[in-house]
Amino acid sequence: DAGITQSPRHKVTETGTPVTLRCHQTENHRYMYWYRQDPGHGLRLIHYSYGVKDTDKGEVSDGYSVSRSKTEDFLLTLESATSSQTSVYFCAIKQQGNSYEQYFGPGTRLTVT
Amino acid sequence: QQPVQSPQAVILREGEDAVINCSSSKALYSVHWYRQKHGEAPIFLMILLKGGEQKGHDKISASFNEKKQQSSLYLTASQLSYSGTYFCGTEGGGSNYKLTFGKGTLLTVNP
């Protein structure tokens, strides 16, 4: 357990509505990541952060934005949700220092109807 | 580009051995292995670094061939608890530690 929580854990929303998912960590990790997981695709990186206000795109960033105004919170926003964004979203952190290990949060299941 | 995992699925009887392979077309700095059970988050198993040693704990070990950009996960004397989907994540170095994951290998261990 790397002290990662995600909220909400489940959400159902309608097409066209904005949605924000939150990842919260309590251990001061610098690097944080958002992935989505879909059957047949494995885990795919959406956005990541390497510090407060420092973020960059991953391989599937279209339709998503992120913000990190403080170390402990990394927010993922779907500006206008589409059915193709129905997925399970995982947040992850990289361990501090010379360790390369990454640990995942419990996930958020998002359904866009 | 996603690493390629093989096999896609494997079914074992308790006590049998299995090997899961992960192959990349890009030069790798590290390979990470995870296991995920249905409805749960991926759990970190081990990491192999370029120039590092083969890792292992208990009956699960892994190797990393840097020249071939391949890694293999070895599960020996499998237990029922080993069932799940195994993912490899690869990292090319100097990339803010971004991982690219394979599509996974579904391992089922039956009594």
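Throughout, a residue's number is its position along its own chain's written sequence, starting from 1. All chains are assigned letters beginning with A, and all ligands numbers beginning with 1, in the order in which they are written. A pLDDT threshold of at least 70 governs which residues receive local features in this predicted model, and a stricter bar of 80 or more applies before side-chain atom pairs are shown or counted, although totals over entire chains, interfaces and linings include all residues. To get the side-chain values, all heavy atoms of the structure are used, and hydrogens and water are removed first.

Let us look at the packing of aromatic side chains. Pairs were defined over the aromatic rings of Phe, Tyr and Trp, the Trp ring being its six-membered one, requiring ring centres within 6.5 Å. Orientation was assigned from the angle between planes: stacked under 30 degrees, edge-to-face over 60, tilted for the rest. If you walk through the whole model with that rule in mind, you get 14 aromatic pairs over all chains. Between the aromatic rings of Tyr48 of chain A and Tyr50 of chain A, the centroid separation amounts to 6.2 Å while the plane-to-plane angle is 45 degrees, which identifies the pairing as tilted. To sort residues, take the accessible area from a 1.4 Å probe on protein chains only and compare it with the maximum for the residue type: under 20% means buried, over 50% means exposed, and anything in between is partly exposed. What makes Tyr48 of chain A buried here is its relative accessible area of 3%. According to the relative accessible area criterion, Tyr50 of chain A is partly exposed, its value standing at 25%. Between Phe90 of chain A and Phe104 of chain A, the aromatic rings sit 6.1 Å apart at their centres with planes inclined by 90 degrees, giving edge-to-face as the arrangement. On the criterion of sequence distance, the pair formed by Phe90 of chain A in strand E9 (residues 87–94) and Phe104 of chain A in strand E10 (residues 102–104) is long-range, its members being 14 residues apart. The class of Phe104 of chain A is buried, set by a relative accessible area of 10%. Counting every residue linked through ring pairs, the aromatic cluster contains Tyr33, Tyr35, Tyr48, Tyr50, Phe90, Tyr103 and Phe104 of chain A together with Tyr34, Phe44 and Phe101 of chain B. Starting at the N terminus, helices and strands are each numbered in turn, a helix being any DSSP run of H or I of at least four residues and a strand any DSSP run of E of at least two.

A contact between two residues is defined here by any heavy atoms of the two lying within 4.5 Å. Taken residue by residue, the interface counts 21 residues in chain A and 21 residues in chain B. Two parts lose some accessible area (1.4 Å probe) when they are put together, and adding that loss for both gives the buried area. Where chain A abuts chain B, roughly 1900 Å² becomes buried across the two surfaces, and 62% of that area is made up of carbon and sulfur atoms. It is Leu43, Tyr100 and Gln102 of chain A that lose the most area in chain A upon contact with chain B, and together they represent 32% of the buried surface on that side. For this document, the term salt bridge refers to a Lys or Arg side-chain nitrogen within 4 Å of an Asp or Glu carboxyl oxygen. The tally of links between chain A and chain B comes to 0 salt bridges. Polar contacts, as counted here, are pairs of nitrogen or oxygen atoms within 3.5 Å of one another; within protein the pair requires one atom able to donate a hydrogen and one able to accept it, and residues that are adjacent in sequence qualify only if both atoms are side-chain atoms. Viewed at the interface, chain B and chain A are joined by 6 residue pairs in polar contact (both at pLDDT 80 or more). Of all the secondary-structure elements, those providing two or more residues to the side of chain A that touches chain B are strand E4 (32–38), strand E5 (42–51), E9 and E10 of chain A. When grouped by side-chain class, the residues that make up the side of chain A that touches chain B number 12 nonpolar, 6 polar and 3 charged. Note that Gly is not counted as nonpolar here; it falls among the polar residues with everything else outside the nonpolar set of Ala, Val, Leu, Ile, Met, Phe, Trp, Tyr, Cys and Pro and the charged set of Asp, Glu, Lys and Arg.

Take the state of the cysteines next. Note on disulfides: each one is a pair of cysteine sulfur atoms within 2.5 Å. Under the defined criterion, the tally for this structure stands at 2 disulfides over all chains. Linked covalently through their sulfurs, Cys23 of chain A and Cys91 of chain A form a disulfide whose S-S length is 1.9 Å. Taking the torsion about the sulfur-sulfur bond, which here is approximately -70 degrees, the covalent link between Cys23 of chain A and Cys91 of chain A counts as left-handed. On the criterion of sequence distance, the pair formed by Cys23 of chain A in strand E3 (residues 19–25) and Cys91 of chain A in strand E9 is long-range, its members being 68 residues apart. For the pair shown, Cys23 of chain A and Cys91 of chain A are each scored as buried. One disulfide in the model links Cys22 of chain B with Cys88 of chain B; its S-S distance is 2.0 Å. An S-S torsion of about 70 degrees defines the bridge between Cys22 of chain B and Cys88 of chain B as right-handed. Taken together, the positions of Cys22 of chain B in strand E3 (residues 18–23) and Cys88 of chain B in strand E9 (residues 84–91) put the pair 66 residues apart, joining distant regions of the chain.

Now for the sheet that holds strand E8 (residues 73–78) of chain A. All names here are of chain A. DSSP bridges decide pairing: two strands pair if at least two such bridges lie between them. Read across the sheet, 4 strands follow the order E1-E3-E8-E7 without closing on themselves; strand pairing throughout is antiparallel. Only two strands of the sheet have a single neighbouring strand rather than two, namely strand E1 (4–7) and strand E7 (64–70). Strand-to-strand, the axes of this sheet are offset by a mean angle of 20 degrees, without reference to chain direction. Alignment of E1 against E3, held across 4 bridges, turns out to be antiparallel. Paired with Thr5 across the strands is His24, a residue of E3. Between the N-to-C directions of two axes lies an angle of 0 to 180 degrees, each axis being a line fitted to C-alpha atoms and, for a helix, fitted only over the stretch in contact.

Residue and element names in this part refer to chain A. Here E5 lies mainly inside the structure; 9 of its 10 residues are buried. Two strands pair when backbone bridges link them, and E4 and E5 are joined in this way by 7 bridges, in the antiparallel orientation. Following the sheet pairing, Arg36 is matched in E5 by Arg44. Hairpin connection, E4 to E5: the antiparallel pair is bridged by 3 residues, and Gly40 has positive phi, about 85 degrees. Summarising the sheet, E5 and strand E6 (residues 54–57) pair through 4 bridges and their orientation is antiparallel. In the strand pairing of E6, Gly51 is matched with Asp54. Counting the residues that bridge the hairpin from E5 to E6 gives 2 residues, and of these Lys53 lies at a positive phi of roughly 65 degrees.

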